[in-house]
Amino acid sequence: AQYLHALTNIPIIVTAIILVISLASIDYCGIKQSSHINVVLTIIGVGGLLAIIAAGFKNISAINLLDMPHGFTGVLRGTALIFFAYMGFENVARLTEETKNPRVTIPRAIILSIVISSIIYILVALAAVAIVPWQDLAASEAPMAVVAQNVWGPGAFILLALIALVSTAGTALMEIVTASRFVYGMAGEKALPKAFAQIDAKTCTPYRAIELLLICSIVFIFFRNLEFVASIATTCLFITFAAINLAVIVLRYKEAKMKRLFVVPGSWGKTPVLAVIGVLISIIMFFFSVE
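First, a word on scope: everything that follows refers to the structure included in this document. Position numbers for residues start from 1 in each chain and track the written sequence from start to end. The model is predicted, so local features are restricted to residues of pLDDT at least 70 and side-chain atom pairs to those at 80 or more, both for listing and for counting; the totals for chains, interfaces and linings are taken over all residues. The side-chain quantities take in all heavy atoms of the structure and omit both hydrogens and water.

Moving on to the packing of helix 3 (residues 31-56) against helix 9 (residues 154-188). Axes here refer to lines fitted to C-alpha atoms; in helices the fit is confined to the stretch in contact. Angles between the N-to-C directions go from 0 to 180 degrees. Every helix listed is a DSSP run of H or I at least four residues long, and every strand listed is a run of E at least two residues long, numbered separately from the N terminus. Contact geometry for helix 3 and helix 9: axes closest at 8 Å, N-to-C directions at 145 degrees. The handedness of the crossing between helix 3 and helix 9 comes out as left-handed. For the pair helix 3 and helix 9, the contacting residues are Ile 31, Ser 34, Ile 37, Asn 38, Leu 41, Ile 44, Gly 45, Gly 48 and Ile 52 in the first and Leu 160, Ile 163, Val 166, Ser 167, Ala 169, Gly 170, Leu 173, Met 174, Val 177 and Arg 181 in the second. Its residues assigned to classes, the contact of helix 3 with helix 9 shows 12 nonpolar, 6 polar and 1 charged. We call a crossing left-handed when the near helix sits turned anticlockwise from the far one by less than a right angle, and right-handed when that turn is clockwise. A contact between two residues is defined here by any heavy atoms of the two lying within 4.5 Å. Three classes are used: nonpolar for Ala, Val, Leu, Ile, Met, Phe, Trp, Tyr, Cys and Pro, charged for Asp, Glu, Lys and Arg, and polar for all others, with Gly counted as polar.

Given below as structure tokens:
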């Protein structure tokens, strides 16, 4: 919405509501339509990011990678704040029921998306601060567009603002798609009211779950503070990740003889080492996210 506001000067709250309603409507039309649109949005978004990387690559060697204006504590706080950017990867598993050969496709999709996105995140961050001082990026409501303007002139601001808008819209679309399936699944397991498990006969989508996500998203728009909303998201995410990793450890002891289709690698006796590390990191990041 901030990028759309920078292009149209329409109030941010209005643009945010329009965007969320539009994305929920796409989700309502069906999983194929949502996936096809997301592929197009992703290609456009990645193309723009690669252009930024190429533009800043020649200056990357001038960056002091050890420069920490707010110390290592500031790095950890920043890590905790932007961790919501990694929320989409585990959501892939929620599309299992709508995926062909999910036992092969889902793990491959999660691993590839994490690796590719992490590389792009790092390179974009390096390129951005190589082009524009971090202080200017922090003060901007459309940082990628500011980077483009510094490289290619005022005309590039509009182009990169559009690309950034497309990129963030694609992320939001898949969050709504996967979260609605999560609500649908919980309703099917009777953890939420049965109404949220209702499927539209024509589009085969969980329309009640989509409506719930739409309302919740609009409510958060009125907080008007992106950092605060991001903090809520990451705090809940760290609690969830800690609980999931802890459950893996507990089940190793309580249900030692359970037949498992997948076993977390790397164990010390019955204790899964990766799960222990996951719990510790989640707890540490949780405390930095609430500071």
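A few words now on the pattern of salt bridges. Any Lys or Arg side-chain nitrogen found within 4 Å of a carboxyl oxygen on Asp or Glu counts as a salt bridge. All chains considered together, the criterion is met by 2 salt bridges. As a salt-bridge pair, Asp 27 and Arg 181 come within 2.7 Å of each other at their nearest N and O atoms. With Asp 27 in helix 2 (residues 12-29) and Arg 181 in helix 9, this pair connects stretches of sequence that are 154 residues apart. Of the two residues, Asp 27 and Arg 181, both sit in the buried class. The salt bridge involving Arg 208 is made with Glu 211; its shortest N-O contact spans 3.2 Å. Of the two residues, Arg 208 and Glu 211 are both situated in helix 10 (residues 207-221); the distance of 3 residues between them amounts to about one turn of the helix. We call a residue buried when its accessible area falls under 20% of the maximum for its residue type, exposed when it is over 50%, and partly exposed in between, using a 1.4 Å probe and counting protein chains only.

A few words now on the nonpolar core. Judged by nonpolar contacts, the single largest core of 25 residues is most densely connected at Tyr 3, Ile 52, Val 132, Met 144, Ala 145 and Val 147. Listing elements by their share of this core, those giving two or more residues are helix 1 (2-8), helix 3, helix 6 (102-131), helix 8 (143-152) and helix 9. With 7 residues, helix 9 is the single largest residue contributor to this core. The contact partners of Met 144, leaving out residues within four places of it in the chain, are Tyr 3, Leu 49, Ile 52, Val 124, Ala 128 and Leu 160. Among buried residues, the Ala, Val, Leu, Ile, Met, Phe, Trp, Tyr and Cys ones that are joined through side-chain atoms within 4.5 Å form a nonpolar core. One finds Leu 95, Ala 169, Met 174 and Val 177 within the second-largest nonpolar core, a separate group that totals 7 residues.

Let us now look at unusual backbone geometry. Here the phi dihedral of Lys 190 falls at roughly 65 degrees; this positive angle occurs in a residue that is not glycine. Mapped onto the secondary structure, Lys 190 falls in the loop between helix 9 and helix 10. You can call Lys 190 exposed: its relative accessible area is 77%. Of note in this structure, Arg 224 is not a glycine but carries a positive phi near 60 degrees.

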